[in-house]
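Coordinates in review
Given next are the chains, with one letter for each unit.
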Amino acid sequence: MGIAEILLLAVGLAMDAFAVSVCKGLAMEKITAKKAVIVGLWFGGFQALMPIIGYFLGIGFKDYITSVDHWIAFALLGFIGANMIKESLSKKEEQEDSSLDFKTMLLLALATSIDALAIGVTFAFLEVNIAFSSAIIGVVTFILSVIGVKIGSIFGIKFKSKAELAGGIILILLGIKILLEGLGVISF
């Protein structure tokens, strides 16, 4: 997996955190750089940590399923992407609170990084430098989360569904690419 693919994957994974950051920015009365950085650190940190955990979980299974690893990557990315698209099309809007307390941010960071755990499992079946990839995912998520807080304070909730839709499409397209490479249909 090349740098361009890792960056695309990072952007796709960051879309949940970006969408929640937009909501956080919308809910905050006064946005400060400190608040935006706190949100970015929570989301970026968890997005960087979860692929590493998933990678080591996946390594344990690698020997048993290498012949179908591309199908697993396709299924995981497709499932995650489809869920993001489904959420983006949902009419239900959740009211976000502006709290940055430990419990609130821990739960939000965990919820937005579960996808990254599944990606880490996928990384175990691919030729990926897990430390570098996780760092890229964390940095991209941090940057997009900080930007999301600011955008939320300016533009409001209208970008949330578009961000989730874009992230879902990116993940599905990456899954298809991995599947086609695994089947020998294409090679990059």
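Let me sum up the structure you'll find in this document. (Residues numbered from 1 in each chain as written. Predicted model: local features only at pLDDT ≥ 70, side-chain atom pairs only at ≥ 80, totals over all residues. Heavy atoms only, no water.)

1. A closer look at the overall build of the chain
In plain terms, the rule: The numbering of helices and of strands both runs from the N terminus, where a helix is a DSSP run of H or I of at least 4 residues and a strand a run of E of at least 2. For the exposure calls, accessible area comes from a 1.4 Å probe over protein chains only, and a residue counts as buried if that area is under 20% of its type's maximum, exposed if over 50%, partly exposed in between. Computed by Shrake-Rupley with a 1.4 Å probe, the accessible areas treat only the displayed protein chains as cover when residues are assessed.
Along its length, the chain carries 6 helices and 0 strands. Mapped from its N terminus to its C terminus, the chain presents α and β elements in the order α-α-α-α-α-α. Looking at the chain as a whole, 46% of its 188 residues qualify as buried. For the chain, the exposed area adds up to about 9500 Å²; of that, 70% sits on carbon and sulfur atoms.

2. Regarding the packing of aromatic side chains
Note on aromatic pairs: each is described by the distance of the centres and the angle between the planes. Filter applied, for reference: The rule is short: rings of Phe, Tyr and Trp, with Trp giving its six-membered ring, pair when the centres are within 6.5 Å, and they are stacked under 30 degrees, edge-to-face over 60, tilted in between.
Counting across every chain of the model gives 4 aromatic pairs. Measuring from ring centre to ring centre gives 6.0 Å for W42 and F46, while their planes differ by 20 degrees; the resulting arrangement is stacked. Taken together, the positions of W42 and F46, both in helix α2 (residues 33-65) and 4 residues apart, correspond to about one turn of that helix. Judged by relative accessible area, which is 19%, W42 ranks as buried. Ring-pair connections join several aromatic residues into one group, and the members of that group are W42, F46 and F102.

3. Looking at the packing of helix α1 (residues 3-27) against helix α5 (residues 130-155)
Operational definition: Think of each axis as a best-fit line through the C-alpha atoms, taken over the contacting stretch in the case of a helix, with angles from 0 to 180 degrees between the N-to-C directions. Note on convention: the crossing is left-handed when the near helix lies turned anticlockwise from the far helix by less than a right angle, right-handed when the turn is clockwise. Only Asp, Glu, Lys and Arg are considered charged in this grouping, and only Ala, Val, Leu, Ile, Met, Phe, Trp, Tyr, Cys and Pro are considered nonpolar; every other residue, Gly among them, is considered polar.
In the contact formed by α1 and α5, the axes pass within 7 Å of each other and the chain directions differ by 30 degrees. When you trace α1 past α5, the crossing you get is right-handed. Grouping the amino acids of the contact of α1 with α5 by side-chain chemistry returns 20 nonpolar, 8 polar and no charged.

4. Some details on the environment of L26
Here L26 lies in helix α1. Given the relative accessible area of 43%, L26 is considered partly exposed. Sequence separation between L26 and V149 is 123 residues; the distance between their C-alpha atoms is 7.5 Å.

5. Observations regarding helix α4 (residues 102-123)
Counted only if it meets this: In a helix, the anticipated span is given by 1.5 Å times the number of residues less one. Consider a residue and the seven residues that end there alongside the seven that start there; fitting an axis to each set, the bend is the angle between those axes. Pairs of N or O atoms are called polar contacts if they sit within 3.5 Å, as long as, within protein, a hydrogen donor faces a hydrogen acceptor (for residues adjacent in sequence, only side-chain-to-side-chain pairs).
Spanning 22 residues, α4 covers 30 Å between terminal C-alpha atoms, matching the ideal 32 Å at 1.5 Å per step. Along α4, the sharpest kink reaches roughly 40 degrees, centred on S113. A distance of 3.2 Å separates the backbone nitrogen of K103 from a side-chain oxygen at the start of α4, and that oxygen is part of D101.

6. Things to note about the side chain of S21
Quick note on the threshold: Residue contacts are counted whenever heavy atoms from the two residues lie within 4.5 Å of one another.
The topology assignment puts S21 in helix α1. With near-sequence residues (within four places) excluded, S21 lies in contact with V39, F43, S145, G148 and V149.

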